[in-house]
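# Structural overview for review
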Amino acid sequence: MTDYEEAGREIARAKVVAALTGAGVSAESGVPTFRGQGGFWGQYRVEDLATPEGFARDPELVWNWYQERRRMIMEVQPNPAHFGLARLERALTGRVVIITQNIDGLHQRAGSRDVIPVHGDLMVTICSRCSYERQEKPPFEQGLPRCPACGSFLRPGVVWFGELLPEQALRRAMEESQACDVMLVIGTSAQVYPAAGFPLTAYGAGATIIEVNPEPALERIARYVFAEPAGEAVPRLVEAALASGA
Ligand code: BJW
Ligand code: ZN
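I will try to describe carefully the structure that is included in this document.

About the criteria used
- Residues numbered from 1 in each chain as written.
- Chains lettered and ligands numbered in written order.
- Predicted model: local features only at pLDDT ≥ 70, side-chain atom pairs only at ≥ 80, totals over all residues.
- Heavy atoms only, no water.
- Pairing = 2+ DSSP bridges.
- Helix = DSSP H or I, 4+ residues; strand = E, 2+ residues; numbered from the N terminus.
- Axes fitted to C-alpha atoms, helices over the stretch in contact; angles between N-to-C directions.
- Contact = heavy atoms within 4.5 Å.
- Salt bridge = Lys/Arg side-chain N within 4 Å of Asp/Glu carboxyl O.
- Buried < 20%, exposed > 50% of the residue type's maximum accessible area, 1.4 Å probe, protein only.
- Donors = N, O, S within 2.8 Å, 3.2 Å for Na, K, Ca; no water.
- Tetrahedral: all angles 85-135°; square planar, octahedral: opposite > 155°, others 65-115°.
- Near = heavy atom within 4 Å.
- Areas by Shrake-Rupley, 256 points an atom, 1.4 Å probe, with all protein chains shown as cover.

### Brief notes about the sheet that holds strand 9 (residues 224–226)
Pairing in this open sheet of six strands is parallel, and the strands run 3-2-1-7-8-9 from one edge to the other. Of all the strands in the sheet, just strand 3 (115–117) and strand 9 have a single pairing partner and so form its edges. Strand-to-strand, the axes of this sheet are offset by a mean angle of 15°, without reference to chain direction. Across three bridges, strand 8 (residues 208–212) lies against strand 9 in parallel orientation. Looking across to strand 9, one finds that valine 212 is bridged to phenylalanine 226. Each of strand 7 (182–186), strand 8 and strand 9 is contacted by helix 10 (residues 230–244), which is oriented at about 140° to strand 8, the strand it contacts most.

Structure, rendered in structure tokens:
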């Protein structure tokens, strides 16, 4: 039996499959990752763009950077990894939940229904002070907008370094990490907490960890490591799971 067949059988037998995804799952859609070659952080300083302090220093720079990313996201499509996970959710007897660090909405666009976005949503705009919130749609104009309710600067509805994750999403992500029988960890460098702790929680609770990443980060705890692009490995795993009939 190949590793794919074996891992596929474990997926098929699981009552709960959790998939923790990171920027790598969207790389083949053309969305740059954060770290590594061609990553966002190679061109910019994290402290300038993805922290509340950076926004306070130069809100317009940060706002415009996110507007650029909004434009980019509208032009890309989900890839076979996103579609594979959506298919798994529809076809598996067990439950499939996606915990994603991505803010790009590509899992939802591929048809996944149970998605927990722990780092927020690129298409949501929130007020930096009050509870005002709105959904963005193109065209994405330059120029920093103000809150219609309180006059403060508006900002993207994403989680920056030093900020708390949305409470409900975090709670559910931790519960699902505890509850899952299999955790697929796909395309994350597993460096940013608390999300990087979810596979450890799952492993500690007895789950089988399956990692998909050309540069694996979890070899110590993963029972299966597929050091391949997600767009190739995920559909193969899904195929193997559905063929195993377990
Ligand atoms: C492929 C592929 C292909 C390529 N197929 N794979 C405990 C210990 C130490 C520090 C902390 C801690 N707890 C909290 C902290 C501080 C901090 C943190 O973790 N720092 C670390 C860097 C050390 N965490 C926080 O501040 C978090 N808040 C928090 O914990 O609040 C409480 C608190 C506050 C203060 C102090 C202590 C506690 C919030 C984190 C928010 C992260 N936000 C960002 C930006 C979101 C908005 C935006 O997009 O602009 O989220 S940062 C960025 O990193 C983004 C990502 O979601 C996140 C994770 O990155 P990811 O997805 O792993 O991407 P990469 O690029 O790192 O990796 C890509 C991977 O794909 C690579 O492995 C490739 O090999 C692979 N790949 N092609 C498959 N085709
Ligand atoms: Zn406001």
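### Looking at unusual backbone geometry
With the exception of glycine, the majority of residues adopt a negative phi angle, and the majority of peptide bonds are in the trans configuration. Cis geometry marks the peptide bond from proline 138 to proline 139, where omega comes out at 0°. Within the secondary structure layout, proline 139 lies in the loop between strand 5 (133–135) and strand 6 (154–158). A cis amide bond links tyrosine 193 with the next residue in sequence, proline 194, at an omega value of 5°. You can see proline 194 is positioned in the loop between strand 7 and helix 9 (198–204). Not every positive phi belongs to a glycine, and alanine 190 is a case in point at roughly 50°. Mapped onto the elements, alanine 190 comes out in the loop between strand 7 and helix 9.

### Overview of the pattern of salt bridges
All told, the structure shown has eleven salt bridges when counted by the stated rule. Taking the shortest distance from any N to any O, the salt bridge between arginine 57 and aspartate 48 comes out at 3.3 Å. Overall, arginine 57 belongs to the exposed group, its relative accessible area being 56%. With a shortest N-O distance of 3.1 Å, glutamate 239 and arginine 87 are connected by a salt bridge. With glutamate 239 in helix 10 and arginine 87 in helix 6 (residues 80–91), this residue pair connects regions lying 152 residues apart in the sequence. The exposure class of glutamate 239 is partly exposed, given its relative accessible area of 43%. Where salt bridges share partners, they join Arg95, Asp114, Arg172 and Glu176 into one cluster.

### A closer look at the coordination of the zinc ion (ligand 2)
Donor atoms from the polypeptide that bind the zinc ion (ligand 2) are Cys127 (SG), Cys130 (SG), Cys147 (SG) and Cys150 (SG), placed at 2.2 to 2.3 Å. The coordination sphere of the zinc ion (ligand 2) comprises four donor atoms, whose angles at the metal cover 99 to 118°; the geometry is tetrahedral. Along the chain, the residues donating to the zinc ion (ligand 2) are arranged with the sequence spacing C-x2-C-x16-C-x2-C. For cysteine 127, a relative accessible area of 6% gives the class buried.

### So, the site of ligand 1
What surrounds ligand 1 is a group of 34 residues, the closest being Arg35, Tyr66, Arg69, Thr188 and Ser189. Relative to its free-state accessible area of 1500 Å², ligand 1 is covered by the protein chains to the extent of 75%.

### A word on the environment of glycine 197
On the secondary structure map, glycine 197 appears in the loop between strand 7 and helix 9. Taking relative accessible area as the criterion, glycine 197 reaches 14% and is therefore assigned buried. Sequence spacing of glycine 197 and threonine 125 is 72 residues, and the spatial spacing of their C-alpha atoms is 28 Å.

### Regarding the sheet that holds strand 5
The antiparallel open sheet is built from three strands, whose spatial order is 5-4-6. Each edge of the open sheet is held by one strand with a lone partner, namely strand 5 and strand 6. Looking at each pair of strands side by side, their axes are set apart by 40° on average, direction ignored. The pairing of strand 4 (residues 120–127) with strand 5 spans three bridges and is classified as antiparallel. Residue valine 124 lies in a different strand from strand 5, and its bridge partner there is glutamine 135. Relative to the sheet, helix 5 (residues 59–75) contacts strand 4 and strand 6, its axis offset from that of strand 4 by approximately 140°.

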